[in-house]
Amino acid sequence: MRGWWREISSLVLPTECAGCGRGRSAVCAGCVAELGTGRARQVRPTPRPAGLPPVWAATAYADRARGMLLAHKERGMLGLAGPLGAALARSARAAAVASGGEPGPGAVPLVLVPVPSARLAVARRGHDPTRRIALRAAARLRRDGLAVRVLPALRFVRPVLDQVGLAAPERAANLAGALGVRPGPSLVGVPVLVVDDVVTTGASLAEAARTLRRAGALVWGGAVVAGPSGEWIDRTRG
Ligand SMILES: [Zn+2]
């Protein structure tokens, strides 16, 4: 019911900014600008799930970034894919620099593998938000001269519960063995970054990384748009 109410209310009421809730535009210039600035940071969920690679986030999962991610994911505000993709490009670049280096022109392309959404979630939302943001991030990195492409290499091989509302151990158990590699080009020796919109407990990124390693991929790290600011590594170092 909430879904159709949003649809109808957005037709008859002025739309507020998805980030800050002010104004009458779908997203304001201030929120886009804020998402576009700042240094990507490494985040370390506690407890750290087994197999989680180093994960980089472009911004904190709070307030404006949270509003924009949810509007893109759940309300189909597809125009937000551009600024969200630019933010993901920043964290992907930081993850690449930290592990294997930036793949310049002529290098073996760095592959961004989106964490898959369950088929039912894609059907309900009408799109796959993480894949959409990943494509925009890769386009951005290519414009900056890096050899990067997106490969949706992962899929669910069994049904899982919605992760929302599950605690960290339940999330890990819910996802254990739930992902597989799609038929396609070999991943053996291919440098990959696992990408997602948000990291919370790290269970999804860890499961994706384990699945890709089993297929022979070199998992350089993880990159997300937003992560919990309380778990930024350089915050705990002061
Ligand atoms: Zn705003």
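Computed from a prediction, not measured in an experiment: that's the story for all the values here.

(A) Structural view of the sheet that holds strand β7 (residues 191–198). Across the sheet, which stays open at both edges, the six strands sit in the order β1-β2-β8-β7-β3-β4 with mixed pairing between neighbours. Two strands in the sheet have a free side with no partner beyond their single neighbour: β1 (41–43) and β4 (148–150). With strand direction ignored, the average angle separating the axes of adjacent strands in the sheet is 30 degrees. Judged from the seven bridges that link them, β7 and strand β8 (residues 218–227) form a sheet pairing that is parallel. Across the sheet, Leu193 pairs through a bridge with Gly221, a residue of β8.

(B) How the structure looks around the pairing of strand β2 (residues 55–60). Extensive coverage of β2 is indicated by the burial of six of its six residues. In terms of strand pairing, β2 meets β8 through five bridges, oriented parallel. Bridge assignment links Ala60 to a residue of β8, and that residue is Gly227.

(C) View of the pairing of strand β3 (residues 110–114). Burial runs high along β3: five of the five residues are buried. Of the two faces of β3, the one lined by Leu110, Leu112 and Pro114 and the one lined by Val111 and Val113 are each fully buried. Bridge analysis of β3 against β4 gives three bridges, and the strand direction is parallel. For Leu110, the partnering residue across the bridge sits in β4 and is Val148. Here β3 pairs with β7 via four bridges, running parallel.

Basis of the calculations
Residues numbered from 1 in each chain as written. Predicted model: local features only at pLDDT ≥ 70, side-chain atom pairs only at ≥ 80, totals over all residues. Heavy atoms only, no water. Pairing = 2+ DSSP bridges. Helix = DSSP H or I, 4+ residues; strand = E, 2+ residues; numbered from the N terminus. Axes fitted to C-alpha atoms, helices over the stretch in contact; angles between N-to-C directions. Buried < 20%, exposed > 50% of the residue type's maximum accessible area, 1.4 Å probe, protein only.

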